[in-house]
Protein chains: 2
Amino acid sequence: MTALTAYDTAERLFSRLSALDDALGILSWDRDVMMPSGAVDRRGSGVATLEGLRHELLTAPAVADLLAEADAGGDLWREANLAEMRRLHMRAVAVPGALVEALSKACSRSEMAWRAAREESDFAALRPDLQVVLDLTRESAQAVGGVLGLSPYDALLDGFDPGMRQATIAPVFATLARDLPPLLTQVLERQASGAVPASVGRGPFPVARQEGLGRMMMGRAGFDMMRGRLDVSAHPFCGGATNDVRITTRYDESDFLPAFLGVMHETGHALYEQGLPAAWLNQPVGRARGMTLHESQSLLIEMQVVRSRAFAEYAAPVMAGAFDDGGDWSSGALYRHMTRVEPGFIRVDADEVTYPAHIITRYELETAMIEGRLSLRDLPEAFNARVKDLLGLDVPDDRRGCLQDIHWPLGLWGYFPCYALGALAAAQFFEAAGAAVPGLAGTIRQGDFGPLVTWLRQAVHQRASSASTVRIVEDATGRPLGAESYLAHVRRRYLEDAG
Amino acid sequence: MTALTAYDTAERLFSRLSALDDALGILSWDRDVMMPSGAVDRRGSGVATLEGLRHELLTAPAVADLLAEADAGGDLWREANLAEMRRLHMRAVAVPGALVEALSKACSRSEMAWRAAREESDFAALRPDLQVVLDLTRESAQAVGGVLGLSPYDALLDGFDPGMRQATIAPVFATLARDLPPLLTQVLERQASGAVPASVGRGPFPVARQEGLGRMMMGRAGFDMMRGRLDVSAHPFCGGATNDVRITTRYDESDFLPAFLGVMHETGHALYEQGLPAAWLNQPVGRARGMTLHESQSLLIEMQVVRSRAFAEYAAPVMAGAFDDGGDWSSGALYRHMTRVEPGFIRVDADEVTYPAHIITRYELETAMIEGRLSLRDLPEAFNARVKDLLGLDVPDDRRGCLQDIHWPLGLWGYFPCYALGALAAAQFFEAAGAAVPGLAGTIRQGDFGPLVTWLRQAVHQRASSASTVRIVEDATGRPLGAESYLAHVRRRYLEDAG
């Protein structure tokens, strides 16, 4: 086999893996949106079979030789593709099959225990199962880290955002932990002194009209309905498959904002997926780079654009027409409601000013747990102390504290930082887009996402996995990923009322 | 590896194949019900990849040794399962990969050509592409037949209804071809002499009410909504996966009968799938036996039960309440409309009296083509001549003649007979159920499918693929599969007005 043939053979293998991934993507969407409840066990074992098959294909003995022999011939994308293939292969072979299986089973048990423990607000009830997950996660992280030359936590992080390192995150989060609490105090003082309208619109907001508004706004933002769908599920997400990007939302007839903002958030994710380079759809290099950039795209649309004063000026009259309920649809009322700041216990309900505090808390604690510096026994106390430091709140119970998220019970250690890094990257991208695209604010004031999305396409989407998150951010914005743009954005919007 | 281990290993392989089949089932449903149009190419190549993977798993060199070595240990179901595994394996290895691929591509081309040719009603435009499909189908049938010791046509037939043979079909179809034309004449004469009400109900029939009626009737028939769904698609079907059986229909607000009868037809298919033995769900022996029994279950519900006078007595007042349109909802009007006989050109629109003539025409011609006794050049003339013989109609153009069905362009030679055999088996099963279950007609008059479905469960559904179609029919009814029950049913319902 010549070197070129080895590369081509490797592409064929990864093309098949990508077909399996797409099948798994549709099956996952189907489970959450369509599947009858009686199919849950059978679907679970079916998906496990497909994942096992996927793992076997990737870790077959011949693959190591194939990837060692493969030569991408100097083409930059093929080189990047080969590097991705090797990374994925190394990660997959690093963890023994028995450990993968043990971790998977431990996560299933721990997830069930978590549901019951959260209900009872009793972290101690989860601890034994979570301890098994933590131990196996550490073992797995050590194995992957050993092969990739990374610390255990970096090995975990690398699984969600390839190339991201603790050394990049630590100084950025330190800046946020230092600057955000006093900034929050200022924002809350300023907010308290202003009049906030009681509501926007009057309601009720019929589901059909909310859906119509969402679809119309998705279209404005550039969502391609020929290559995607909008549906309803209990927990909104962006999923599906290549060329078939499916977002979901849920509706509340007493408040249209959660569904509207949710649809725009998921549309940000979807624009990324739909904007990936068509030539590399079925190869690793053609996939989205990772969770940080993914979250940056959803937050850029939701936080930077949709919750802006400029966009509110466009959206308020459109909404007034869509709901036709005789309520107050001034852009000022809409803007106020989309930018209300209120420290709270629950991460997923947090506004953009308080959100990073939730992530920093989790990031600090999960690195300490992975590095063996914090035991699960001490977790609730440590969690609550950090929430007090950063948000000034006294956590009343575990349900509103360290039991609120599913990530740790599901084995998703190393995932949390991507959320906050995404928020920072979103601010940095939007600032750069504003500098690069003349009149950008004006287009957004007209509900025209075209110039912005064109910029995102070339700056982020089309680069797919051809470079690291850090490199893509720096190329697009001229600066390393940092907290400056985000902090400036918060000051502008919440202290100067100019965002 | 011990013999027992070999059997267990084989079960594990087929369990994985079954997970792939279920994934392909959901992807196929999704394509027809949910998928955005822009995903069609990507989905097509993804599905081809999964099918290729499935073929590779089944035909891997080690599998032949494994199946040769496996010993089912005397248990009847395990023995039957092993026999099914060997049959599926032999069929798969019999056809060289290059031929499978060539046939698949030829069918794709031919399907596209068929759509255009049917539009133009121009069989000559399809002939070159169809000739390639026919040639490759014959080659494939010879290869499979050579391995299984079957004639080429029997090899094709065996792919849709394992164990079914031309020798079984020929005398049965000969009886139908002899007895049906004079019977049809009598039926039409009798029908002409009676008054047929102009309509049942008044309409329009809102989709939501049609759907509500359909769901309610599915429930009466025993469809388990926890393990299935009802949706809308352009062409109704029963699909999905194990424990997740999904049927579809389409609605016409000017006529509720097509959707209603369609839902009940697909419910018959679904009852079969939902009634298969839970212990064997992921093994070949646990699957439905084949297309003849599948069609028998849908036709038993639609033709034998739902279109009966007894069921009309239950259904008419229910429908009157569901549509509440002030129309004529007498059970007599409903029954007349469900049992109207009218010879026509289109197979899928045919009533149960004229339906077999469409099948016999296709069966005779496709056996002649596979056996090299009829050329495609002579097909239209031969087709039209047989329609004239059996139905007394002059086919005006190819679109309403040999171009109407997608089966041959798609390479589905040997499929047609199952439709008519299913109709015969349905009549024979229903007759046997009536003899075995005291008061069966009374339960149907009350809209109670319970006793009937209980009988079908043990007589047909629970036997799955543990025996051949012929054996299952004979065990359930005490007689070989034949035309007698069907002909008696037609005479009773259409000449004596007692069905």
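Here the structure is a predicted model, which means the values were calculated and not measured.

Moving on to the sheet that holds strand 1 (residues 228-232) of chain B. All names here are of chain B. Overall, mixed pairing links the three strands, which are arranged 1-3-2 in an open sheet. Across the chains shown, the open sheet's two edge strands, defined by having one partner strand only, are strand 1 and strand 2 (238-241). Ignoring strand direction, the axes of neighbouring strands in this sheet form an average angle of 25°. Looking at chain direction, strand 2 and strand 3 (residues 244-249) are connected through four bridges and run antiparallel.

It is worth spelling out the relation of the copies chain A and chain B at this point. Of the two same-sequence chains, chain A is brought onto chain B (RMSD 0.0 Å, axial shift 0.0 Å) by a rotation of 180°. Each copy turns onto its partner about a two-fold axis. When each C-alpha of chain A is compared by its distance to the rotation axis, Ala23(A) comes out closest, at 3.6 Å. Most of the interface of chain A is mirrored in chain B, where 100% of its interface residues are also at the interface.

Sites flagged by UniProt as "active site" (unreviewed entry) map to Glu266(A). Looking at where Glu266(A) falls in the secondary structure, it is placed in helix 10 (residues 257-274).

Residues and elements named next belong to chain A. Packing of helix 12 (residues 309-323) against helix 13 (residues 331-338) brings their axes to within 8 Å, and their N-to-C directions diverge by 120°. Comparing their axes, helix 13 and helix 12 come out oblique. Crossing of helix 12 over helix 13 shows right-handed handedness. Only Ser331, Leu334, Tyr335, Arg336 and Met338 of helix 13 make contact with helix 12, whose side of the interface consists of Arg309, Ala312, Glu313, Ala315, Ala316 and Met319.

Moving on to the environment of Arg209(A). All names here are of chain A. If you trace the backbone, Arg209 turns up in helix 9 (residues 207-221). The partly exposed category is assigned to Arg209, whose relative accessible area is 38%. Sequence separation between Arg209 and Phe323 is 114 residues, and the spatial gap between their C-alpha atoms is 6.5 Å. A polar side-chain atom of Arg209 sits 3.4 Å from the main-chain carbonyl oxygen of Ala322.

Turning our attention to helix 9 (residues 207-221) of chain B. Each α-helix winds once per 3.6 residues, and so residues spaced three or four apart point in a common direction. All names here are of chain B. Here helix 9 spans 21 Å end to end across 15 residues, near enough to the 21 Å set by a 1.5 Å rise per residue. Looking at helix 9, one finds that the buried residues are Gln210, Leu213, Gly214, Met217, Met218 and Ala221. Angularly, the buried residues of helix 9 cover 135° about the axis, an arc narrow enough to put them on a single face. Looking one or two places after helix 9, you find Gly222, whose phi comes out positive at around 105°.

We now examine the packing of aromatic side chains. Residues and elements named next belong to chain B. Across all of its chains, the model carries 36 aromatic pairs over all chains by this definition. An angle of 75° between the planes, with centres 5.8 Å apart, marks the rings of Tyr153 and Tyr363 as edge-to-face. Taken together, the residues Tyr153 in helix 7 (residues 152-160) and Tyr363 in helix 14 (residues 355-370) connect sequence positions 210 residues apart. Here Tyr153 and Tyr363 have matching classes, each one buried.

Taken together, the contact between chain A and chain B spans 36 residues of the former and 36 residues of the latter. Across the chain A to chain B interface the summed buried area is about 2800 Å²; carbon plus sulfur atoms make up 58%. Together, Arg16(A), Met34(A) and Arg42(A) form the three largest contributors to the area buried by chain A at its contact with chain B, with a combined 24%. At the boundary of chain A and chain B, one finds eight salt bridges. One salt bridge connects Asp244(A) with Arg43(B), and the closest N-O pair in it is separated by 3.1 Å. The interface formed by chain A and chain B holds 14 residue pairs in polar contact (both at pLDDT 80 or more) in total. Those elements giving two or more residues to the side of chain A that touches chain B turn out to be helix 1 (3-33), helix 2 (40-59), strand 1 (228-232) and strand 3 (244-249) of chain A. Broken down by element, the residue count for the side of chain A that touches chain B peaks at ten residues, all from helix 1 of chain A. For the side of chain A that touches chain B, the per-class residue count stands at 16 nonpolar, ten polar and ten charged.

Criteria and cut-off values
Residues numbered from 1 in each chain as written. Chains lettered and ligands numbered in written order. Predicted model: local features only at pLDDT ≥ 70, side-chain atom pairs only at ≥ 80, totals over all residues. Heavy atoms only, no water. Pairing = 2+ DSSP bridges. Helix = DSSP H or I, 4+ residues; strand = E, 2+ residues; numbered from the N terminus. Axes fitted to C-alpha atoms, helices over the stretch in contact; angles between N-to-C directions. Least-squares fit on C-alpha atoms with pLDDT ≥ 70 in both. Contact = heavy atoms within 4.5 Å. UniProt positions renumbered as here; feature names shortened; annotations may be inferred. Parallel < 35°, antiparallel > 145°, perpendicular 65-115°, else oblique. Left-handed = near helix turned anticlockwise from the far one by under 90°. Buried < 20%, exposed > 50% of the residue type's maximum accessible area, 1.4 Å probe, protein only. Polar contact = N/O pair within 3.5 Å; in protein donor to acceptor, adjacent residues only side chain to side chain. Expected span 1.5 Å × (residues − 1). Arc of directions from axis to C-beta. Phe/Tyr/Trp six-rings, centres within 6.5 Å; stacked < 30°, edge-to-face > 60°. Buried area = accessible area lost by both parts, 1.4 Å probe. Salt bridge = Lys/Arg side-chain N within 4 Å of Asp/Glu carboxyl O. Nonpolar A, V, L, I, M, F, W, Y, C, P; charged D, E, K, R; others polar.

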